[in-house]
Amino acid sequence: MKKWIAAWTLLAILAAVTACAAPAEQAEGGEGVPLYYLVPEDEAHGADRIRARKEHLGLPEDAGVQEQAAAVVLRLLEGPPEGDMRSPFPPGVELLGLELWDQTARVDFSEDFRELSGVELVLADYCLTLSLTALDGIRAVSVTAQGRPVGQQPKQVFYEWDVLLSDMGDVLQTVEVCLSFPNAEGAMAVERRTISLYEGQTLAETLMAALLEGPESRGLVRVIPEGFAVNYVRVDNGVCYVSLPAASLALLPADEETQRLILWSLADSLYSLDAIEEIRFLADGEELAFFGAVPVEAASVRPQG
């Protein structure tokens, strides 16, 4: 069943958080809740702009995850009471609603949230995601403003693993992926490769970067042209969006069979990720119907079997 935090409930929680909470502190021994704030750029010295501090929310011990989530968001809006860190949100942003559904926190802000753009919008999304997914029972976060999606956001649902910080370790995670390249006979073959995820990288982006480097195994052929690049790769609700610059499309060879091999090298590699069920290729913001002379529809849905 859907559960909403109504406006009057939010005010009550805000009063409890601001009036009853223990003084904010860098809690020790696992005490408190990790909240992620921004570090001023001149203080970051090239490191992460996002930094955690543990704080007490001043809620009853039996407070449910929804009440905790609302308190976390309100505290992030307010900002830390002391120190150099600051709220990731601009002044005036208000929490209008918070819905929990299937371990996803759907957070609705006031229209002032749309003042954020570019890097500042990404940082705000990441601070919110890391803070909320630290609570038991929340795996993902989505954000709206006045009930409508925020158009400049690169994706609509954020997971903790979308946010990788260097202070979690230089190499944050190593993952084995399957990259598809043609062999000498022109048949697609799989090369298993262990890749490392670093700060700000998603698995799909890192897989694509490895694919564009070409095969490491002998007997496999590089079919993607040198200089071929990708603007971005993002996955949203099972759909993978691959944005290609016009310069990459201009590099496609005239031979239709080679175009087909390139398309399936891209598609098969991405379909090796369980989270991807469909692929949409874009150019200049428009969905492509053809990859060179090859209909994109042939690779748009994960092959069965």
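Please refer to the structure placed before this passage.
Here is what the cut-offs are and how they apply
- Residues numbered from 1 in each chain as written.
- Predicted model: local features only at pLDDT ≥ 70, side-chain atom pairs only at ≥ 80, totals over all residues.
- Heavy atoms only, no water.
- Helix = DSSP H or I, 4+ residues; strand = E, 2+ residues; numbered from the N terminus.
- Expected span 1.5 Å × (residues − 1).
- Buried < 20%, exposed > 50% of the residue type's maximum accessible area, 1.4 Å probe, protein only.
- Salt bridge = Lys/Arg side-chain N within 4 Å of Asp/Glu carboxyl O.
- Pairing = 2+ DSSP bridges.
- Contact = heavy atoms within 4.5 Å.
- Axes fitted to C-alpha atoms, helices over the stretch in contact; angles between N-to-C directions.
- Left-handed = near helix turned anticlockwise from the far one by under 90°.
- Phe/Tyr/Trp six-rings, centres within 6.5 Å; stacked < 30°, edge-to-face > 60°.
- Lys NZ or Arg CZ within 6 Å of the ring centre and 35° of its normal.

Some details on helix α7 (residues 256–271)
An α-helix turns once every 3.6 residues. As a result, residues three or four positions apart point the same way. Across its 16 residues, α7 extends 22 Å between first and last C-alpha, which sits within 8% of the 22 Å expected from 1.5 Å per residue. Within the span of α7, buried status applies to Gln 259, Leu 261, Ile 262, Leu 263, Ser 265, Leu 266, Ala 267, Ser 269, Leu 270 and Tyr 271.

Considering the pattern of salt bridges
Counted according to the given criterion, the structure contains 17 salt bridges. The shortest N-O distance in the salt bridge between Glu 120 and Arg 49 comes to 3.8 Å. Placement of Glu 120 in helix α4 (residues 118–133) and of Arg 49 in the loop between α2 (41–44) and β3 (50–55) is noted, with a sequence separation of 71 residues between them. A relative accessible area of 29% means that Glu 120 is categorised as partly exposed. In this structure Arg 49 comes out as buried when scored by relative accessible area, which is 15%. Here the salt bridges share partners, and the residues they tie into one network are Glu 191, Arg 193, Glu 213 and Glu 216.

Focus on the sheet that holds strand β13 (residues 278–283)
Read from one edge of the open sheet, four strands run β11-β12-β13-β14, paired in mixed fashion. At either margin of the open sheet sits one strand with a lone partner, and together these are β11 (232–236) and β14 (286–287). Sheet analysis places β11 next to strand β12 (residues 239–243), joined by five bridges and oriented antiparallel. Bridge pairing links Val 233 to Val 242 in β12. Contacts from α7 reach β11, β12 and β13 within the one sheet, and its direction differs from that of β13 by about 135°.

Points about the packing of helix α3 (residues 65–78) against α4
Packed helices, taken two at a time, are described by their axes: the angle between them and the distance between them. At a minimum axis separation of 10 Å, α3 and α4 run at an interaxial angle of 145°. Handedness of the crossing formed by α3 with α4: right-handed. Contacts from Ala 69, Val 72, Val 73 and Leu 76 in α3 reach Cys 127, Leu 128, Ser 131 and Leu 132 in α4.

Notes on the packing of aromatic side chains
Inspection of every chain in the model, using the stated rule, returns four aromatic pairs. Geometrically, the ring pair formed by Phe 89 and Phe 109 is tilted, given 5.1 Å between the ring centres and 50° between the ring planes. One end of the pair, Phe 89, is in the loop between α3 and β4 (95–101); the other, Phe 109, is in strand β5 (residues 104–109), with 20 residues separating them in the sequence. Comparing Phe 89 with Phe 109, the two get one shared label, buried. Summarising the aromatic geometry, the rings of Phe 281 and Phe 291 are spaced 6.0 Å apart at their centres and angled 50° between planes, so their arrangement reads as tilted. Of this pair, Phe 281 sits in strand β13 while Phe 291 sits in strand β15 (residues 290–291), and the two are 10 residues apart along the sequence. With a relative accessible area of 0%, Phe 281 lands in the buried category. The rings of Phe 89, Phe 109 and Phe 113 are connected pair by pair, giving a single aromatic cluster. The cationic tip of Arg 234 hangs over the ring face of Tyr 241; the distance from NZ or CZ to the ring centre is 4.5 Å.

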